[in-house]
Amino acid sequence: MLVLFLGASAAPTPLYRVYQARWGFSATTLTAVFAVYVVFLLVTVLVLGSLSDHVGRRPVIITALAVDTTACIVFLLAHGAGALFAARALQGVAVGLAATALGAALLDLRPAGSLAPLVTSNAGTVGLALGALGTSVLVQYGPEPTNLVWWLLLGAFLAAIVLIAVMPEPGTVRPGAVASLKPDISVPRPARGTFARAAPCLVAVWALGGFYLSLGPSLAAQLSGSRNLLWGGVITFLLTGLGAVTASAFRNSAPIAVMLGGCLGLLSGAVVTIAAIVTSTPALLLAGTVLAGLGFGPGNLGAYRVIMARAAASNRAGMIAAVSAVNYLAFGLPALLAGVATSHFGLHDTALVYSAAVALLAAAAAGGVLFENRARAPQAAAPPSELPPGPCTVPPYAQAAHQETEPAKAPE
């Protein structure tokens, strides 16, 4: 179901160009439609992230399924950009509710070992990869390009509601639901230097992801000169899919080395992408995407674990929220600014500047790694089983709360 939710959230990516051509809206509107999803997702996670700890997992998951079902219906009935804004807002709420509740339910079912955190971290990224690629295939080669994927997802969500309705409740119900709605975002003083040095890496990772999921298909079409919508799905699949694979492969490696490798991958990918844009070479775009994908997962994983190594147990929930806020804002805001810039300066120049900015952020983060004092980062504070939150992954707020109340049962 994690794959289903994130797959549905990526489904509009190959469709944006179709909607734009059909209804004639600007690149600014396109990226604003993308950004509204991120805003509602962030607010839902920060406010309702721990709700399932108090009211149970099943009610929250069923609510999320119902909200995403409604989003599919809105997409099916859409006749203008206004409906896209509404549908994307609903998707943001649904993913925010589902991610935390499903991640916590997996930890309830498998409290020992690293399997639950591994699944929660990577299922979302895999969902984005499959959702973008699958939708591009359906839109390009299937009937009813703007409707078929939503009918299929609608059926999947209705089936999922039935499955969750008959599933035993994996969590427990306890008081404190109202108090849990107050967001806790904090960076303790001893961690602020490390947070500042690692933040450029997180921003580079998620700003790149936001660009690919909004304007990426348009850039691929411009460089290839092809109207085939599969291009947009392929580059999104490469970026997020390789990110999931590499994050899994290096989850037990030294965080500072993982972060440095991620920064170098992002930097090299951005440089090759700049060459692709300058020379209008689609093969170079694919190569740059592959390199960036190899850095996408390790960059996020390494930066998160470097930061969390400085957090005491009592500060972990606030630190996770702070990292997530940076990730989500980086996922939506730069893409929105790119849409505004595209409307004024064109996609070619905007993509060049955007890629250069990602390269500079990655280079700055790599420099920060070189100055990081490894001796002051006790790895026990960020065990290998703990994997990072982000727009493509599951923010473990409920898992962190679960740990604080029942430390013997939660490996994180």
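None of the values given here were measured: they were computed from a predicted structure.

So, on to the packing of helix α9 (residues 192-214) against helix α12 (residues 255-279). Where α9 meets α12, the closest approach of the two axes is 11 Å, and the angle between their N-to-C directions is 45°. Taken together, α9 and α12 sit at an angle that is classed as oblique. Crossing of α9 against α12: the hand is left-handed. Contact residues: α9 offers Arg197, Ala198, Cys201, Ala204, Val205, Leu208 and Tyr212, while α12 offers Met259, Cys263, Leu266 and Thr273. Grouping the amino acids of the contact of α9 with α12 by side-chain chemistry returns nine nonpolar, one polar and one charged.

Joining two cysteines, a disulfide is a covalent bond between their sulfur atoms. Under the criterion given, the structure shown has zero disulfides. We note that Cys263 lacks a disulfide partner, and the nearest cysteine sulfur, in Cys201, lies 3.7 Å from it.

What follows is about the packing of aromatic side chains. Summed over the entire model, instances satisfying the criterion amount to seven aromatic pairs. With centroids separated by 3.9 Å and ring planes inclined at 0°, the aromatic side chains of Phe75 and Trp150 adopt a geometry described as stacked. Taken as a pair, Phe75 in helix α5 (residues 57-77) and Trp150 in helix α8 (residues 148-165) lie far apart in primary sequence, 75 residues in all. With centroids separated by 5.1 Å and ring planes inclined at 80°, the aromatic side chains of Trp206 and Phe296 adopt a geometry described as edge-to-face. With Trp206 in helix α9 and Phe296 in helix α13 (residues 282-308), this residue pair connects regions lying 90 residues apart in the sequence. Comparing Trp206 with Phe296, the two get one shared label, buried. Here the aromatic residues Phe34, Trp206, Phe296 and Phe331 are joined through ring pairs into a cluster of three or more. When the ring centre of Tyr37 is taken as origin, the NZ or CZ atom of Arg88, which lies over that ring, is 4.3 Å away.

Take a nonpolar patch on the surface next. On the surface, a cluster of nonpolar side chains totalling about 280 Å² of accessible area is made up of Val3, Val126, Leu130 and Phe237. As for its placement among the helices and strands, Phe237 is situated in helix α11 (residues 230-249). Judged by its relative accessible area of 30%, Phe237 is partly exposed.

We now examine unusual backbone geometry. Even without being a glycine, Glu144 presents a positive backbone phi close to 50°. Following the sequence through the fold, Glu144 ends up in the loop between α7 (115-141) and α8. We note that Ser280 has phi near 55°; this positive angle belongs to a residue other than glycine. Inspection of the secondary structure puts Ser280 in the loop between α12 and α13. We classify Ser280 as partly exposed; its relative accessible area is 42%.

Here the focus is the pattern of salt bridges. When charged atoms on two side chains of opposite charge get close, those side chains can pair. Summed over the entire model, instances satisfying the criterion amount to two salt bridges. The salt bridge partner of Asp53 is Arg57, with a shortest N-O separation of 2.7 Å. Both residues of the pair, Asp53 and Arg57, belong to the buried class. For Asp108, the salt bridge is made with Arg57, and the minimal N-O distance between the two is 2.7 Å. Of the two residues, Asp108 is situated in helix α6 (residues 81-109) and Arg57 in helix α5; the sequence distance between them amounts to 51 residues. In this pair, the class of Asp108 matches that of Arg57, namely buried. Residues joined by salt bridges that share partners form a network here, namely Asp53, Arg57 and Asp108.

This part takes up the confidence of the model for the protein. Looking at the protein as a whole, the pLDDT averages 86, with 88% of positions reaching at least 70. Under a pLDDT of 50 for its full length, residues 375-385 has, in the predicted model, 23 contacts with residues more than four places off or in other chains. Across residues 396-412, where pLDDT falls below 50, the model places 49 contacts with residues more than four positions away in sequence or in other chains.

With that settled, consider the environment of Ala325. Looking at the element boundaries, Ala325 is found in helix α14 (residues 316-345). Note on Ala325: relative accessible area 13%, which makes it buried. Sequence separation between Ala325 and Leu46 is 279 residues; the distance between their C-alpha atoms is 8.3 Å.

Rules used in this analysis
- Residues numbered from 1 in each chain as written.
- Predicted model: local features only at pLDDT ≥ 70, side-chain atom pairs only at ≥ 80, totals over all residues.
- Heavy atoms only, no water.
- Axes fitted to C-alpha atoms, helices over the stretch in contact; angles between N-to-C directions.
- Helix = DSSP H or I, 4+ residues; strand = E, 2+ residues; numbered from the N terminus.
- Parallel < 35°, antiparallel > 145°, perpendicular 65-115°, else oblique.
- Left-handed = near helix turned anticlockwise from the far one by under 90°.
- Contact = heavy atoms within 4.5 Å.
- Nonpolar A, V, L, I, M, F, W, Y, C, P; charged D, E, K, R; others polar.
- Disulfide = S-S within 2.5 Å.
- Phe/Tyr/Trp six-rings, centres within 6.5 Å; stacked < 30°, edge-to-face > 60°.
- Buried < 20%, exposed > 50% of the residue type's maximum accessible area, 1.4 Å probe, protein only.
- Lys NZ or Arg CZ within 6 Å of the ring centre and 35° of its normal.
- Patch = residues over 30% accessible without salt bridge, like charges linked within 9 Å, V, L, I, M, F, W, Y side chains within 5 Å.
- Areas by Shrake-Rupley, 256 points an atom, 1.4 Å probe, with all protein chains shown as cover.
- Salt bridge = Lys/Arg side-chain N within 4 Å of Asp/Glu carboxyl O.
- pLDDT = per-residue confidence, 0-100.

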